[in-house]
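Fold and geometry: a report
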Amino acid sequence: VVPVNPETVDEWTHPPYSGYFDGGASVETLIKSGFKPTRTLVLSFGFDEEISGHRVRDSSTFQGARKLARALFEIYGKDGVAFLVDEGGGFAKQNGITIATPGIAEKGSLDVRLEITAPGGHSSVPPKHTSIGMLAAFLVEYERNPYKVKLTRQDPLYSMLQCVAQHSKELNEDYRTIIKRAATSDKYLRLLEKNIIKNNLYASLVGTTQAIDIIEGGVKANALPERASAVVNHRISTMSSVGEIKTHDAELLSRLAKEFNLTYTAFGKELSVEGAPSAGKLTLSDAFGTALEPAPVTSTTPDAVPWYILSGTIKATYDSHRSLAGANEIIVGPGMPSGNTGEFFSYMHWTINCFAAQILVITGT
C-alpha cells in the first residue's frame, strides 16, 4: 500500500486505513436491484492483494487471497470455473474511439537486494572505495543498462494496437500502416518496436522494468560504513521469467565485483573464488522472498469463448447504461496493467482464463 505523508493526514475526509465504507459498492447495488445471474457467480474478497496474497504464509489464521483460492479449489477443482475477473483495466477515449482494455496477463515481479559489506574503521583513514561508494557504482551500472524492450506478436500491447489500428478513424495513417504490416512482416514489427520505445508507458508494458526504490547505509559521519544495501524493483515482462532476471542481474554486476575485488554471491550461488583475499562482499538476493512469475497470457483467439463472453458483456452493459444503440460504441481490446496484484497466481489453478477489468461504473440511480 502506498504510504500516507503524515503531514497530510488532517486533509483526509476519513482517516487513511480506517476501513471506512461509503456504501457505494457495485455488488450491493446489484443485490438491491434484484439482479440474478444466469450462471453461478462466485465472489472472493481478500485483503492482501497489495502483497500478492503472501500474508497466508505467516499464519494459518490469516484469510488472505491464497487461502481463499485453496478453499475454492477444493470446491471447484482444476479449471472448474469458466473465467476469473480481477480488478484491472477500464476504458478511455483513445485516437477517436472509446476502448476498454481488460487485462489478459500480469507481469511478474522481483525485488533484488544488493548488499555490500566491507571493513569498518575511522573515516579519517578511508579506503579507496567505501561500501556506500561501491554500492553507488553498482546502482549506476543498473541505470546505464536498462532492460531492452523487445516486442513480440504474443505481447498484449501488440494485440491492443492491432485493435486500435483496425477501428480508429483518427490514428496517424503511417502509424496504422506500421501496425498492420507488423502482423506479417518482421521488419515492420521492429519499426513498431522503435515507436513503442519512445512511449514510456508502452515500453514499460512490453519490457522488464527496474527501479531503485530503497537505499540504506552508514550510521555516523566519522565511521566507515560496514554495510550498505539497496533494493531494485523489477516488473518482469510476460515474455520473461524470474530465473532470467536473476541471471541477467548477476551477470550485469560481475565486472564491477571483480574491479572492486569483492567476493560475489548471487541468489545463493557463489560466483567468485572461495577463500580468495577480498576488499569486501557483494550479495544479491530476493529481498523479501516474494518473487512472482509472470502470469500466462489468456487467449483472445476467435475460439476463445471466455474472452468473447467478457467483451460482449462489456459492450452490452456500456451501451445499455448509456441508452446507446450503435454496434461499436465501445471497442474491447486486450490490455495489461503495468503493475500486478498476484491475484492471477493465487487463482490460476482454478481457471486458465484470467482477466483484469474494472469497466463498469454503477451510480445507484
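As a starting point, this report considers the structure included with it.

Criteria and cut-off values
Residues numbered from 1 in each chain as written. Predicted model: local features only at pLDDT ≥ 70, side-chain atom pairs only at ≥ 80, totals over all residues. Heavy atoms only, no water. Pairing = 2+ DSSP bridges. Helix = DSSP H or I, 4+ residues; strand = E, 2+ residues; numbered from the N terminus. Contact = heavy atoms within 4.5 Å. Axes fitted to C-alpha atoms, helices over the stretch in contact; angles between N-to-C directions. Expected span 1.5 Å × (residues − 1). Buried < 20%, exposed > 50% of the residue type's maximum accessible area, 1.4 Å probe, protein only. Arc of directions from axis to C-beta. Polar contact = N/O pair within 3.5 Å; in protein donor to acceptor, adjacent residues only side chain to side chain.

**Describing the sheet that holds strand β9 (residues 280–286)**
In space, the six strands of this open sheet follow the order β5-β6-β4-β9-β7-β8, with mixed pairing throughout. The sheet is open, and its two borders are formed by β5 (209–217) and β8 (269–270), each paired with just one other strand. Of the pairings in the sheet, the one linking strand β4 (residues 108–117) to strand β6 (residues 227–236) comprises ten bridges and is antiparallel in character. Along β6, the bridge assignment pairs S109 with R235. Those strands touched by helix α3 (residues 131–144) are β4, β5, β6, β7 (262–266) and β9, and its axis lies near 15° from that of β6. Taken strand by strand, helix α8 (residues 242–252) contacts β4, β6, β7 and β9, and its axis lies near 30° from that of β4.

**Points about unusual backbone geometry**
Notably, Y17 is not glycine yet its phi reads approximately 70°, a positive angle. Its location among the elements puts Y17 in the segment before α1 (26–32). Of note, the phi angle at N95 is positive, near 50°, even though the residue is not glycine. Following the sequence through the fold, N95 ends up in the loop between β2 (91–94) and β3 (97–100).

**Re helix α6 (residues 186–197)**
With twelve residues, α6 should reach 16 Å at 1.5 Å per residue; the first-to-last C-alpha distance of 16 Å fits that figure. Turning to α6, its buried residues are Y188, L189, L192, E193 and I196. All buried residues of α6 lie within an arc of 155° about the axis, which places them on one face of the element. Away from its buried face by more than 90 degrees, α6 exposes K187 and K194. Buried residues along α6 sit in contact with α4 (156–167), α5 (173–181) and α7 (200–206). Here α6 starts with a cap whose side-chain oxygen sits 3.3 Å from the backbone nitrogen of K187, and that cap is S185.

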